[in-house]
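Structural description and commentary
This is what each chain is made of:
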Amino acid sequence: MYKNISFFPNLNAFRFFAALLVIFHHGEVIRAKNSFTSFEHISFFQNGSTAVKFFFVLSGFLISYLLIKEKAAKDTISIKNFYLKRVIRIWPLYFLLVAIGIIIFPFLFNILHINYTFPYHIEQVWLLFVLFLPSLVTFKFGSHLLEPLWSIGVEEWFYIIWAPLFKWINNKLALILAVFLIKVILLIFCFNNIITNTLAVHLIKTFAFESMAIGALGAYLLYHTNINVKAWYKKHVFVNYLLLATLIGYFFFRSTCIALLGFDIFSHWVFSYIILNILFLNLIVYVGVVLDTRSVFNNSFLDYGGKISYGIYMYHMIVIFVVIHLGKNHLLNLDPILSFIIFYSLVLAGTFLTAHLSKKYFEDFFMKYRSKLNS
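Let us look at the structure shown here. Only a predicted model underlies this, so the values are computations on that prediction, with no experimental measurement involved.

Reading guide: rules and limits
- Residues numbered from 1 in each chain as written.
- Predicted model: local features only at pLDDT ≥ 70, side-chain atom pairs only at ≥ 80, totals over all residues.
- Heavy atoms only, no water.
- Helix = DSSP H or I, 4+ residues; strand = E, 2+ residues; numbered from the N terminus.
- Rg over C-alpha atoms; globule rule 2.2 N^0.38 Å.
- Buried < 20%, exposed > 50% of the residue type's maximum accessible area, 1.4 Å probe, protein only.
- Contact = heavy atoms within 4.5 Å.
- Areas by Shrake-Rupley, 256 points an atom, 1.4 Å probe, with all protein chains shown as cover.
- Lys, Arg positive; Asp, Glu negative; His and termini not counted.
- Charge placed at Lys NZ, Arg CZ, Asp CG, Glu CD.
- Salt bridge = Lys/Arg side-chain N within 4 Å of Asp/Glu carboxyl O.
- Polar contact = N/O pair within 3.5 Å; in protein donor to acceptor, adjacent residues only side chain to side chain.
- Expected span 1.5 Å × (residues − 1).
- Arc of directions from axis to C-beta.
- Phe/Tyr/Trp six-rings, centres within 6.5 Å; stacked < 30°, edge-to-face > 60°.
- Lys NZ or Arg CZ within 6 Å of the ring centre and 35° of its normal.

The helix and strand inventory of the protein stands at 16 helices and zero strands. For a compact globule of 375 residues, the expected C-alpha radius of gyration is about 21 Å, and the protein comes in at 21 Å, within 12% of that figure. Its C-alpha atoms give the protein principal-axis dimensions of roughly 60 × 50 × 50 Å. Out of the 375 residues in the protein, the part that is buried amounts to 51%. Within the protein, residue pairs in contact and separated by at least 24 positions form 80% of the contacts whose partners lie at least 6 positions apart. With an accessible surface of roughly 18500 Å², the protein has 68% of that area assigned to carbon and sulfur atoms. For the protein, the distance from the average position of its 29 positive side-chain charges to the average position of its 15 negative side-chain charges is 9 Å.

This is how it looks when you write it as structure tokens:
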């Protein structure tokens, strides 16, 4: 019934929403560090890492569905084509940002006497970026301009490992469950202080393969199910709305929910690392499979926002830095609400424009080679 889906509608809109949440989270964190009146205590502005978790679940879902579909159609998986597609999509922008962050900006900031000190030198970090381990740069040197690249490194390692496993292991369900259970066991060891080495704990918590595995499980079940998913959701509409309401409550009313319940239901690692991923999987299936293509989320603006969400995610920290550096003295003298509005108007406009231009004149140049792999 769901063995030949070529496109999941409405999901681009949620890619766009997730990218926006990352912008608002980092925006408020950076504004607080620069003496602005910050709203980082409000739940809505605390969802940066949560939005990245959504990206991880979505990646696990989409990549696994494509691999299952290819294996069924061709009785094999072209690892070469899989890697080339990921390289063409991810590497150009990733390495452009790396070059900007460890070569171009340090040079320009030095000659222009810009008051910003990079916490690292190129010889200390270039290999970590090349090996797609930017999270270790943050681990060793603290916050920096390229900090968001950590999630790209996690996704790259997932892609590197996942395609060969899917090709060589016939029992896909056992593979997915094994990866998930191994990761859960490691998390149990971390949160119960059985594993205490700080580097090991960092790697276990950062490499969110449990999120990808839950996404992959959803893809496997969708591909193999004989159930009419739309009818199932219609029959169990209350359950779906309860799950969606929990997600909305977490995103927007976290502090209110905690106050009403009398305890922090969201702070336990089981919620953050397992339940939240399941909630995202439900959202992905509902939006991508159940919702009609004529839904409010399937419009040209949101669709394009999803298409440039990678650029939005990659460039937003640079745009925030530019707005802070050039406008800080002016914005601090304004009414806090007006300052907030102007700040995000500039950040959003600058990020969207940069991502649009990047897609049109840089990323699309490489993407034309990817389309040849599909021909």
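So that's the structure; there's more coming.
Let's shift gears to unusual backbone geometry. Positive phi, close to 60°, is recorded for F132, a residue that is not glycine. Within the element layout of this structure, F132 appears in the loop between helix 4 (122–130) and helix 5 (134–141). Owing to a relative accessible area of 6%, F132 belongs among the buried residues under this scheme.

Here K53 is to be found in helix 2 (residues 48–74). Among buried Asp, Glu, Lys and Arg side chains, K53 stands out as unpaired, with E210 the closest opposite charge at 4.6 Å. A distance of 3.2 Å separates the side chain of K53 from the backbone oxygen of S272, its partner in a polar contact. Apart from the residues within four sequence positions on either side, K53 is in contact with S211, S272, Y273, L276, N277 and F280.

Moving on: the pattern of salt bridges. Evaluation of the coordinates by the stated rule reveals six salt bridges. Between R89 and E363 there is a salt bridge whose closest N-O contact spans 3.1 Å. Placement of the pair is R89 in helix 3 (residues 79–111) and E363 in helix 16 (residues 336–373), with a sequence separation of 274 residues. Judged by its relative accessible area of 5%, E363 falls in the buried class. Between K307 and D303 there is a salt bridge, and its shortest N-O distance comes to 3.3 Å. One end of the pair, K307, and the other, D303, are both in helix 14 (residues 300–307), four residues apart, so they sit about a helical turn from each other.

This part is about helix 7 (residues 172–191). An ideal rise of 1.5 Å per residue puts 28 Å on 20 residues; helix 7 measures up with 29 Å between its terminal C-alpha atoms. Among the residues of helix 7, those classed as buried are K172, L175, I176, V179, F180, K183, V184, L187 and C190. Down the axis of helix 7, the buried side of the element spans an arc of 160°, and every buried residue falls inside it. Here helix 7 starts with a cap whose side-chain oxygen sits 3.4 Å from the backbone nitrogen of L173, and that cap is N171. Positive phi appears at N193, one or two residues downstream of helix 7, with a value of about 60°.

This brings us to helix 4. When helix 4 is considered as a whole, its buried residues turn out to be V125, L128 and F129. Take helix 4 and look down its axis: the buried residues cluster within an arc of 100°, on one side only. Phi for F132, located one or two positions after helix 4, is positive at around 60°.

Turning our attention to the environment of I161. Turning to its location among the elements, I161 is positioned in helix 6 (residues 150–168). Overall, the relative accessible area of 36% leaves I161 in the partly exposed class. When the C-alpha atoms of I161 and M314 are compared, they prove to be 23 Å apart, with 153 residues separating the residues in sequence.

As enumerated under the stated definition, the model contains 58 aromatic pairs in all. Seen from their ring centres, F39 and F340 are 5.3 Å apart, and the 85° between their planes marks the pair as edge-to-face. Of this pair, F39 sits in the loop between helix 1 (11–33) and helix 2 while F340 sits in helix 16, and the two are 301 residues apart along the sequence. A relative accessible area of 18% places F39 in the buried class. Cation over ring: K53 sits above Y273, and NZ or CZ is 4.8 Å from the ring centre.

Function-wise, these values are silent; they only describe arrangement.
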